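Descriptive structure summary
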Amino acid sequence: MTENNKRLTILSDAERFALYGLPDFDDGQRQQYLSFSECELGLVMSRQSLHAQVHCALQIGYFKAKYAFFSFFWEETEEDCAFILTRYFHGQAFAPQPVTEYEHYVQRTAILGLFDYRPWSAEFLLLLAERAAQVVHRDVTPGFIVAELVAFLHEQKIVRPGHTTLQTLISDTLTTERNRLSDLLDNLLDEPAKEALQQLLVHDDTLLGLAALKQDAKDFGYRQMVSERKKRTLLEPLYQTAKAMLPILSISRQNLNYYASLANFYTIYDLRRLRPKQTYLYLLCFAWQRYRQLTDNLMDAMDYHMKQLEDETKIRAKKRFFLLQSTRRQESPGVGRLLLMYVDDNLADTTPFGSIRESAFTIMPKDELRLTGQRLCGAPVNKLELRWQIVEELAERARHHLRSLYVTLNFSSTVPDNPWLVALGWMKGVFSKQQRLAQRPLSECPAATIPKRLRPYLLEFDVKGNASGVRADRYEFWVYRQIRKRCKSGEVYLDDSVQHRSLSDELVSLEEKAAALGQLDIPWLRQPIETQINALTEELHRLWLAFDKDLRQGKLKNLEYDSQTKTLVWRRPKVGDDEAKQDAFYGKLSFRDIADVLRFVNEQCHFLSALTPLQPRYAKQVADTDSLMAVIMAQAMNHGNLTMAQTSDIPYHVLDATYLQYLRLASLQAANDVISNATADLAIFPHYSFGLEALYGSVDGQKFGVERPTVKARFSRKYFGRGKGVVAYTLLCNHVPLQGWLIGAHELEGHHVFDLWYHNTSDIVPTVITGDMHSINKANFAILHCFGLRFEPRLTRLHEQIQQIYCAGDPARYEKFLIQPTGQIDLQAVINEKSNIDQIVATLGLKEMSQGTLIRKLCTYTQPNPTRYALFEFDKLIRSTYTLRYARDPQLQRNIHRSQNRIESYHQMRSAIAQVGGKKELTGRTDIEVEISNQCARLVANAIIYYNSAILSRLLAKYGANPSHRVLSLIKKISPVAWRHIHMGGHYTFRGEGKAVDLDALVADLLLE
């Protein structure tokens, strides 16, 4: 239950039970935790009476599970007691009796000594407070602080304190941090700045007009961008204030984003009720973040319109060129006949010219002949000239969409006195005077921006052939095009941006972040570079030798070498299709309404308790379970609140209020984590793993249309027809969707692989990530290896992949191999750039920026950079090793193929959920609302997967603690990603008890065939 006192709520009900609740073991967990080593069993048997021995055995098992001690009644542990008695005290009569307080504490002391743990005492409070003070600088959310403190206590082998102690400690830590920030703000903020911040709270429309949730741009149209520029101009004074103050406040990027999100979601009324300095902090962070978001929106609009214009000039110039060529071909026979008239012997020299003209006009009409003659007298038009002609035709559109964007944005460059920025500055000055570029003397134009080969197209010339000025429309387009090109390469960037800053500015200082980095377990930073390189190069050489030997001896049954063409033919291993068996199994289950399924899952793991309301501090409110389920389904199934109100027993105003109060990205992520963790605790979960040595996770994207256009949504005729859409990028592990978010349909999926894995907040941590070819880029193998993760994508087009295999040593060593390396990896470059690669790894590890943004810059920038080069060389080393392993190991290929098949099945489920309300779309008016719809759909999918896993776990338990190999083989082939037995449409009834789910009754008549 939610607490009604004044203490800060630091954990949801489910999280609190996970830490402090008495363990509730299933059969598999009893085998794991209640099976004792010789030392543990010796401690159990050392107790004097049987009931003390059983009590000690329970405490040891519970301590191994949660590293805590519990007071319990015998009735609460009947199944665990039965297991212990059967296994260790078979045949002995057991009469439950309460143990004395003395015996209880003696056992605790002995167990602590056995596991080398220390009991909690007040002397550790200072140590824990110091740790909390460090953690709060990284993230002020209570859940994160709890997780870090629990991990710290486990590392120090100290039993964690009670919930109240943690509450008090974290509350005091947050109060200290808030007071620190308040004191700094009091000294830094002057009266004009406070007045400017207060003005945001005067009218409701002022703040909401700037909030991303309420008034984000719908597209890159002219009016939308005018609105974005106005917002940016309004925010600029506050942004400059925030930009100067935030470094002094020492707020991490994570906390800055959190404070900004509070300003986004709190109402004006709530913000006014907060302490003024607290409100100032939220608004400053909001101004800093929103201003940069607006800059990114303008930059993205510039890129979008510039690409549209470039593509259109290419297409139209190509069509016009082909039209001219076609016209010339059609005219050629007529021109030929006209020329033959001059050598026609049948025409006498005395024939009047008028008669000849009349004959000529019968061959080609007079007007057509005049145009043809003019074309032939002039110089032939080339494609480049046609392109520039099209640019002039589109000049009005370019000025309409692009000029205001380029004038507004403040570009910087890695090149001193960049001529393109000088040219842009000159153009801004001319436009500010309401003049055209053609009115200015040519001497003002930076000469370096006009290449010699383009002078005839960009300049005007007088009668003497001397350049007299620029061709305004062409030159303006040329400068815009070059600045966009250099933004893509990294030469030109924006300082006040999130996505488009300079790469060097994104990287953290290792010296400044040494303390924070010490808390992270990043393998790359722990070992000397020479040790890592030597081990990797030895493995690569060994794989080259083994690959060539196996290929010559014909041991690679999935590969066939063609000695004539010197190429490989690849036969993909077959993966069994168990779809028919799965359909047959779920066909035997009775149908359930989706509302009953959600209610059952909530009873089991309390995931709805994670949907905490966003209210001022200490405000407590118990959520209405029925309304929460209804509003989640409304977003997930593409109904929307209005349609859900019409097809259910929950009125619209309740749905709308619940949506605004409870559905936030952070709370939905927490609810998904609760279900994911609960699924991992079920008996069936470990049986879905492919082996004991690795836990496979898979990533892939799924296209969804959007109900209303947003900035992130893009066109794709192949997937969305005439509409727009986004991509839901998901991380799946053992059928469980651990993490997922939306990316643009134009973005490369490979840039988000690391981001998706590293932001997984569930307890399930994959050690191997699989993906399709879209998940590969120039850095993913290296980056994921640095963090101790194996990246194993499913490879296709083997002949192309062979071209990506390199060697670490002299290529001459492999001259006689059937398949030879493409080249040699520059290992010295990797060693030389170790410290700079450390910066990249540290930046990713500390989450100081969007990892997808950093990896995108690393992979797409074309500016010469030794660190990028070294990272790409290291990527070649890891990728070459993996490709050779993949080619040699059919079982590895099957595992990866099965892993990817699982995420395809999940995509089918997500598609079915979305299409309950009609089209395969996500609902929402803004990017944030569309993301909420995506997270609700993942939550519903997660709940269905838990429900199916619970049925399969209960079925597994039906076959006893040690089921036969045949039973395990059959049950592992049944995927929990299934929905044919679940009603997801129709009229929804949420009020009342619903139809309870009885797992025992469900599996009573089920048999594995």
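Fair warning: this is a prediction, and the values are worked out from it, not measured in the lab.

Analysis parameters
Residues numbered from 1 in each chain as written. Predicted model: local features only at pLDDT ≥ 70, side-chain atom pairs only at ≥ 80, totals over all residues. Heavy atoms only, no water. Helix = DSSP H or I, 4+ residues; strand = E, 2+ residues; numbered from the N terminus. Areas by Shrake-Rupley, 256 points an atom, 1.4 Å probe, with all protein chains shown as cover. Lys, Arg positive; Asp, Glu negative; His and termini not counted. Charge placed at Lys NZ, Arg CZ, Asp CG, Glu CD. Salt bridge = Lys/Arg side-chain N within 4 Å of Asp/Glu carboxyl O. Buried < 20%, exposed > 50% of the residue type's maximum accessible area, 1.4 Å probe, protein only. Axes fitted to C-alpha atoms, helices over the stretch in contact; angles between N-to-C directions. Parallel < 35°, antiparallel > 145°, perpendicular 65-115°, else oblique. Contact = heavy atoms within 4.5 Å. Nonpolar A, V, L, I, M, F, W, Y, C, P; charged D, E, K, R; others polar. Patch = residues over 30% accessible without salt bridge, like charges linked within 9 Å, V, L, I, M, F, W, Y side chains within 5 Å. Pairing = 2+ DSSP bridges. Core = buried A, V, L, I, M, F, W, Y, C linked by side-chain atoms within 4.5 Å. UniProt positions renumbered as here; feature names shortened; annotations may be inferred. Left-handed = near helix turned anticlockwise from the far one by under 90°. pLDDT = per-residue confidence, 0-100. Disulfide = S-S within 2.5 Å. Polar contact = N/O pair within 3.5 Å; in protein donor to acceptor, adjacent residues only side chain to side chain. Phe/Tyr/Trp six-rings, centres within 6.5 Å; stacked < 30°, edge-to-face > 60°.

Let us now look at the overall build of the protein chain. In terms of helices and strands, the protein chain carries 45 helices and 15 strands. Projected onto the principal axes, the alpha-carbon positions of the protein chain cover approximately 140 × 80 × 65 Å. Surface exposure of the protein chain reaches about 47100 Å², of which carbon and sulfur atoms provide 51%. Here the protein chain carries 123 positive and 115 negative side-chain charges, and the mean point of each set is 6 Å from the other.

This part is about the pattern of salt bridges. Enumeration according to the criterion identifies 42 salt bridges in this entry. Where Arg138 meets Glu148, a salt bridge forms, and the shortest distance between an N and an O atom there is 3.7 Å. Separated by 10 residues along the polypeptide, Arg138 in the loop between helix H7 (125–136) and helix H8 (142–156) and Glu148 in helix H8 bring together distant segments of the chain. The partly exposed category is assigned to Arg138, whose relative accessible area is 22%.

Excluding glycine, a negative phi dihedral is what most residues carry, and trans is how most peptide bonds are arranged. A positive phi angle, near 55 degrees, is found at His606, a position not held by glycine. For His606, the location among the structural elements is in the loop between helix H29 (594–605) and helix H30 (625–636). The backbone of Asn638 sits at a positive phi, close to 65 degrees, despite the residue not being glycine. The class of Asn638 is buried, set by a relative accessible area of 10%.

When two helices pack together, their arrangement is given by the angle between the helix axes and by the axis-to-axis distance. Viewed as axis vectors pointing N to C, helix H41 (residues 866–888) and helix H42 (residues 890–914) meet at an angle of 100 degrees, and their least axial separation amounts to 5 Å. What the angle tells us is that H41 and H42 run roughly perpendicular. Residues Tyr882, Arg885, Tyr886, Ala887 and Arg888 of H41 form the contact with H42, whose own contacting residues are Pro890, Leu892, Gln893 and Ile896. Looking at side-chain class alone, the contact of H41 with H42 contains 6 nonpolar, 1 polar and 2 charged residues.

Taken together, Leu339, Leu340, Tyr342 and Val343 make up a surface patch of nonpolar side chains, about 510 Å² in accessible area. For Leu340, the position within the fold is in helix H16 (residues 276–340).

The next subject is the pairing of strand S11 (residues 736–744). Of all 9 residues that make up S11, 9 are buried, and the element is covered over most of its length. The pairing of strand S10 (residues 724–733) with S11 spans 8 bridges and is classified as antiparallel. Bridged to Ala728 within S11 is Leu742. Connecting S10 to the antiparallel partner S11 that follows it, the hairpin turn spans 2 residues, and Asn734 within it adopts a positive phi of roughly 50 degrees.

With that settled, the discussion passes to the nonpolar core. In summary, soluble globular proteins display a tendency toward joint burial of nonpolar side chains. Among the nonpolar cores identified, the biggest contains 87 residues, and Trp524, Phe547, Phe754, Phe787 and Phe874 are the most heavily contacted of them. Top element by residues in this core is H41. It accounts for 10 residues. Excluding its chain neighbours within four sequence positions, the residues that come into contact with Trp524 are Ile529, Gln532, Cys786, Val830, Lys834, Ile837, Asp838, Val841 and Phe874. Within the second largest apolar cluster, 78 residues are counted, among which are Tyr659, Ile945, Ile971 and Phe990.

Quick look at the environment of Asn677 now. Residue placement: Asn677 occurs in helix H33 (residues 665–680). Residue Asn677 is classed as buried on the basis of its relative accessible area of 18%. As for Asn677 and Ala18, which are separated by 659 residues in sequence, their C-alpha atoms are 9.8 Å apart. Excluding its chain neighbours within four sequence positions, the residues that come into contact with Asn677 are Ser762, Asp763 and Ile764.

It is worth spelling out the pairing of strand S6 (residues 567–570) at this point. Regular strands have side chains that alternate between both faces of the sheet. Here S6 shows a clear split, with Leu568 and Trp570 buried on one side and none of Thr567 and Val569 buried on the other. Taking the residues that link successive antiparallel strands as the turn, the strand S5 (residues 559–562)-S6 hairpin has 4 residues, and the phi of Lys566 there is positive, at about 55 degrees.

Moving on, we come to the UniProt feature "domain: DUF4158" (unreviewed entry) in the protein chain. As recorded in UniProt, the feature "domain: DUF4158" (unreviewed entry) lies at residues 10–171. A distance of 9 Å separates the end C-alpha atoms of residues 10–171, which is 62% helix and 0% strand.

Position of Thr279 among the secondary structure elements: in helix H16. If near-sequence neighbours (up to four positions away) are discounted, Thr279 is found in contact with Leu201, Leu271 and Leu274.

Here we take up the environment of Ser121. Note on placement: Ser121 falls in the loop between helix H6 (101–114) and H7. A relative accessible area of 22% places Ser121 in the partly exposed class. Counting along the chain gives 235 residues from Ser121 to Ile356, while the straight-line C-alpha distance between them is 118 Å.

The next subject is the packing of helix H4 (residues 50–66) against helix H5 (residues 78–88). Packing of H4 against H5 leaves a shortest axis separation of 10 Å and a crossing angle of 110 degrees. As judged from the angle between their axes, H4 and H5 are roughly perpendicular. For the pair H4 and H5, the crossing hand works out as right-handed. Side by side, H4 and H5 meet where Val54, Ala57, Leu58 and Tyr62 of the first sit next to Asp80, Cys81, Ile84 and Leu85 of the second. Tallied by class, residues from the contact of H4 with H5 come to 7 nonpolar, no polar and 1 charged.

So, on to the confidence of the model for the protein chain. In this model, the protein chain carries an average pLDDT of 86, and 94% of its residues clear a pLDDT of 70 or more. Mean pLDDT across the elements of the protein chain ranges from a minimum in helix H11 (residues 204–208), with 49, to a maximum in strand S12 (residues 768–770), with 96. Note on residues 1–5: pLDDT is under 50 here. Beyond four places in sequence and across chains, it has 9 contacts. In this model, residues 206–213 is a region of pLDDT below 50 whose contacts with residues beyond four sequence positions or in other chains number 32 contacts.

To continue, consider the state of the cysteines. Taken as a whole, this structure holds 0 disulfides when the rule is applied. No disulfide involves Cys445; its sulfur sits 19 Å from the nearest other cysteine sulfur, which is in Cys487.

Take the side chain of Lys66 next. With respect to the helices and strands, the residue Lys66 is situated in helix H4. Buried charge without a salt bridge: Lys66, with Asp681 as the nearest opposite-charge side chain at an N-O distance of 8.2 Å. At 2.9 Å, the side chain of Lys66 forms a polar contact with the backbone oxygen of Phe17. Of the polar contacts made by the side chain of Lys66, one reaches the backbone oxygen of Gly21; its length is 2.6 Å.

To continue, consider the packing of aromatic side chains. Under the defined criterion, the tally for this structure stands at 39 aromatic pairs. Ring centres of Tyr406 and Phe411 lie 6.1 Å apart, and the angle between their planes is 35 degrees; on these two criteria the pair is classed as tilted. We classify Tyr406 as buried; its relative accessible area is 0%. Residues Trp544 and Tyr814 carry aromatic rings whose centres are separated by 5.7 Å and whose planes lie at 45 degrees to one another, so their mutual orientation is tilted. With Trp544 in helix H27 (residues 529–552) and Tyr814 in the loop between helix H37 (798–802) and helix H38 (827–832), this pair connects stretches of sequence that are 270 residues apart.

With that settled, consider the environment of Asn638. For Asn638, the location among the structural elements is in the loop between H30 and helix H31 (640–646). Other than its neighbours up to four places away in sequence, Asn638 contacts Ala914, Gly917, Lys919, Glu921, Leu922 and Thr923. Only 3.1 Å separates the side chain of Asn638 from the backbone oxygen of Lys919, close enough to count as a polar contact.

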